[in-house]
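Read off the chains here:
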Amino acid sequence: MEYIILIIVLFICLYTDVKSRKILNIVTLPTIVFGIVYNIFTTGFAGFLFSGKGLLAGLGLLIIPYLLGGMGAGDVKLMAAIGALMGTSFVFYSFIYTAIIGGVIALLLIIKTRGFTNSIKSLFFNVVFFRSNLGSMVLPKDNKSSISFPYGVAIVLGTLSTLIWGGF
């Protein structure tokens, strides 16, 4: 039952995040409540602890990037909902897959936007001189200097990867 709910929630969030760059509270908050109630109903107080720890783990994994402005609150609530529904271990593995997938998406967007050659030069400069590109390799400040993407896509793909392949 929880797998069906999880898949439905993931696809709704994927659609809304791609379409409007928002993950809706009307999806995440009922999922959190359902996860807690379902786990309490199936296993009692142990289910409450299972959901509570999962919720806190999901929240804790993304709260710092949110506070630093790197992602939206909907992403954090989606990860918390996944934790409340599926537990701590599942949300941790989802986070690992999400981070890998998000990194690959970000790298591809950087290469696409700034060009392969500039990306390699910048990487070489950073590795060889242990510096950021604040020195001689400053990119012009224009619309291309800020790259963002709906991180809900990475969360959905990372969670689906956990469903398919499980932990490491």
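Not measured: the values here are computed from a predicted model.

Chemist: I would appreciate a short explanation of the packing of aromatic side chains in the present structure.
Modeler: What characterises a pair of aromatic rings is the spacing of the ring centres plus the angle enclosed by the ring planes. Within this structure, the stated rule accounts for five aromatic pairs. An angle of 20° between the planes, with centres 5.6 Å apart, marks the rings of phenylalanine 34 and tyrosine 38 as stacked. Pair noted here: phenylalanine 34 and tyrosine 38 are both in helix H2 (residues 25–43), with a separation of four residues, about one helical turn. Classification of tyrosine 38 by relative accessible area gives partly exposed; the value is 21%.

Chemist: I keep staring at helix H3 (residues 45–67) and nothing clicks. Help me out?
Modeler: What sets the pattern is the α-helix's 3.6 residues per turn: residues three or four places apart point alike. With 23 residues, H3 ought to run about 33 Å at 1.5 Å a step, and its terminal C-alpha atoms sit 32 Å apart, in line with that. Among the residues making up H3, those that are buried are Gly47, Ser51, Gly54, Leu55, Gly58 and Leu62. Buried positions along H3 lie against H2, helix H4 (73–86), helix H5 (88–114) and helix H7 (152–165). Once H3 finishes, glycine 69 follows within two positions and takes phi at roughly 85°, a positive value.

Chemist: Would you explain the confidence of the model for the chain in this entry?
Modeler: Low pLDDT marks regions whose predicted coordinates should not be analysed in detail. Chain-level statistics for the chain give a pLDDT mean of 87 and a share of 87% at 70 or above. Looking over the chain, one finds the lowest element-wise mean pLDDT in helix H6 (residues 116–129), namely 70, and the highest in H2, namely 97. Overall, residues 135–140 carries pLDDT values under 50, and its contacts beyond four positions in sequence, including any with other chains, amount to eight contacts.

Chemist: Just to check I follow, could you spell out the packing of helix H1 (residues 2–20) against H7 for this structure?
Modeler: Packed helices, taken two at a time, are described by the angle their axes make and the gap between the axes. Contact pair H1 / H7: the axes reach a minimum separation of 9 Å and the direction vectors enclose 155°. Classed by the angle they form, the pair H1 and H7 counts as roughly antiparallel. Considering only the axes of H1 and H7, their crossing is left-handed. Note on element contacts: H7 touches H1 through Gly152, Val153, Val156, Thr159, Leu160 and Leu163, opposite Tyr3, Leu6, Ile7, Leu10, Phe11, Leu14, Asp17 and Val18. Its residues assigned to classes, the contact of H1 with H7 comprises eleven nonpolar, two polar and one charged.

Chemist: Help me out: how do you make sense of the environment of threonine 88 in this one?
Modeler: Looking at where threonine 88 falls in the secondary structure, it is placed in helix H5. With near-sequence residues (within four places) excluded, threonine 88 lies in contact with Lys53, Gly54 and Ala57.

Chemist: What exactly am I supposed to notice about the environment of isoleucine 82 here?
Modeler: Take isoleucine 82: it is sitting in helix H4. Excluding residues that lie within four positions of it along the chain, isoleucine 82 makes contacts with Leu6, Leu10, Gly87, Phe90, Val91, Ser94, Ile155 and Thr159.

Chemist: For this particular structure, what's the right way to read a nonpolar patch on the surface?
Modeler: The grouping of Ile40, Phe45, Phe48 and Leu49 at the surface amounts to a nonpolar patch, some 380 Å² of accessible area in total. If one sorts the elements of the nonpolar patch by residue count, H3 sits on top with three residues. As for its placement among the helices and strands, phenylalanine 48 is situated in helix H3.

Reading the values: the criteria
Residues numbered from 1 in each chain as written. Predicted model: local features only at pLDDT ≥ 70, side-chain atom pairs only at ≥ 80, totals over all residues. Heavy atoms only, no water. Phe/Tyr/Trp six-rings, centres within 6.5 Å; stacked < 30°, edge-to-face > 60°. Helix = DSSP H or I, 4+ residues; strand = E, 2+ residues; numbered from the N terminus. Buried < 20%, exposed > 50% of the residue type's maximum accessible area, 1.4 Å probe, protein only. Expected span 1.5 Å × (residues − 1). Contact = heavy atoms within 4.5 Å. pLDDT = per-residue confidence, 0-100. Axes fitted to C-alpha atoms, helices over the stretch in contact; angles between N-to-C directions. Parallel < 35°, antiparallel > 145°, perpendicular 65-115°, else oblique. Left-handed = near helix turned anticlockwise from the far one by under 90°. Nonpolar A, V, L, I, M, F, W, Y, C, P; charged D, E, K, R; others polar. Patch = residues over 30% accessible without salt bridge, like charges linked within 9 Å, V, L, I, M, F, W, Y side chains within 5 Å. Areas by Shrake-Rupley, 256 points an atom, 1.4 Å probe, with all protein chains shown as cover. Salt bridge = Lys/Arg side-chain N within 4 Å of Asp/Glu carboxyl O.

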